[in-house]
Amino acid sequence: RVAQRYKTDHHETVINGQDAQNLLPVLVRHQDEPIADNVCIPLYFLSKLVRDSGTTVVQVGEGADENFLGYWWCEHYRQKEEQIYAPARAMARRSWLNRLLGRGKAVINPAAGEEDRRIEQRAKNGQELFWGGAVCWWEEMRERLTPDSAPFRQEIDCPVEGLLPESCRGLDSHAIVAGHTASLTGGLAEPEVLQKIPYLELKMRLPEHLLMRVDKMTMAHAIEARVPFLDHDLVDFARRLPPSYKLRGGVGKKVLKSMAERYIDRDMVYRKKQGFGAPMEEWFKQADFGRRCQEAFRRSAIREQGFLDNA
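Residues numbered from 1 in each chain as written. Predicted model: local features only at pLDDT ≥ 70, side-chain atom pairs only at ≥ 80, totals over all residues. Heavy atoms only, no water.

## Some points on the environment of Glu282
Working step 1: Looking at where Glu282 falls in the secondary structure, it is placed in helix 14 (residues 280-285).
Working step 2: Taking the relative accessible area as the measure of exposure, Glu282 reaches 52% and is therefore exposed.
Working step 3: Each C-alpha atom, one on Glu282 and one on Cys168, is 35 Å from the other, the two residues being 114 residues apart in sequence. (Helix = DSSP H or I, 4+ residues; strand = E, 2+ residues; numbered from the N terminus. Buried < 20%, exposed > 50% of the residue type's maximum accessible area, 1.4 Å probe, protein only.)

Right, here's the structure in full:
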């Protein structure tokens, strides 16, 4: 429909499990570090398609969801703050006073689901509700995968003084989050979760993950990817907007979508968000793909050094 409306030529490429297998050694070399993100696979092939067309500079959309609350978890955590976190924090504060007066203590709701219990526990501990949109695994799974934390307790030698924050030297994930929110609360009395989410995403997920994967996969084909949504004037504008201009009635990027209605049909603007990824579960189930992945893990230094529960 877009091609018909604007008389543009669109192209596509099809990737199968064998293509992904053949790419993996190349992918590791281009990434320079382990980035557990299957988006890098289609992104690599898309970049090749772009380069084969003779294009050397592209514009990408990174920053739009971060600046304008476009992710599903923005509304999710807004509801959790209102329904679970804020009441639990209030109860924890009252319980502190009650304990001081000898009147009992806060109790975690045993009927709550796993996530709600985790949120209640964070509120009780005075921890942040939102820790970021790129969490590999939560506490319970981390304990299962890495039951022995000893291999991770080692001195980090950073050659540039001040480059590595003290919060990143330990094993406390929340210390990293708290370090960022501390600088945010310096300008706001008590910022709500819809103000913290975009700030944390701009500080952590965007530079350490999203921009890095785009830059590495495009530069693998000598393509320069530019990010108009991260223009400093636009970022400053977005930070000044009230959250209600970004997220309203469960719809994220509201102000951005309102503008887009001038150029794209409304039903396309407000359709369900469609992620960019690869069918990894299906590929892993393929005999050859799964076998090669298991063999690679069995040969790996990670397995030999005991970082993970290899069972």
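Additional details are given in the paragraphs that follow.
## Structural notes on the nonpolar core
Working step 1: One finds Trp73, Cys74, Tyr77, Phe130, Val193 and Ile197 to be the most contacted residues of the largest nonpolar core, which totals 22 residues.
Working step 2: At the level of secondary structure, the elements contributing two or more residues to this core comprise helix 5 (72-100), helix 6 (114-125) and helix 9 (193-219).
Working step 3: Among the elements that line this core, the one with the most residues is helix 9, at 7 residues.
Working step 4: Tyr77 has contacts with Glu115, Leu129, Phe130, Trp138, Val193 and Ile197, leaving out every residue within four places of it along the chain.
Working step 5: If you look at the next biggest cluster of nonpolar residues, it comprises 17 residues, including Val58, Ile223, Trp283 and Phe289. (Core = buried A, V, L, I, M, F, W, Y, C linked by side-chain atoms within 4.5 Å. Contact = heavy atoms within 4.5 Å.)

## Observations regarding a nonpolar patch on the surface
Working step 1: Taken together, the side chains of Val2, Tyr6, Met259, Tyr263 and Ile264 present a nonpolar region at the surface, about 440 Å² in accessible area.
Working step 2: In this structure, Tyr263 sits in the loop between helix 12 (254-260) and helix 13 (266-269). (Patch = residues over 30% accessible without salt bridge, like charges linked within 9 Å, V, L, I, M, F, W, Y side chains within 5 Å. Areas by Shrake-Rupley, 256 points an atom, 1.4 Å probe, with all protein chains shown as cover. Salt bridge = Lys/Arg side-chain N within 4 Å of Asp/Glu carboxyl O.)

## A few points about the pattern of salt bridges
Working step 1: A full pass over the atoms with the stated rule returns 21 salt bridges.
Working step 2: Between Asp267 and Arg1 there is a salt bridge, with its nearest N and O atoms 2.9 Å apart. Of this pair, Asp267 sits in helix 13 while Arg1 sits in the segment before helix 1 (2-6), and the two are 266 residues apart along the sequence.
Working step 3: Note that Asp52 and Lys48 form a salt bridge whose closest N and O atoms lie 2.9 Å from each other. Residue Asp52 and its partner Lys48 are located together in helix 3 (residues 40-52), separated by 4 residues, close to a single helical turn.
Working step 4: Classification of Asp52 by relative accessible area gives exposed; the value is 54%.

## As for the side chain of Gln31
Working step 1: Tracing the chain through its elements places Gln31 in helix 2 (residues 17-31).
Working step 2: With relative accessibility at 5%, the residue Gln31 sits in the buried group.
Working step 3: Aside from chain neighbours lying at most four places away, what touches Gln31 is Cys40, Lys216 and Met217.

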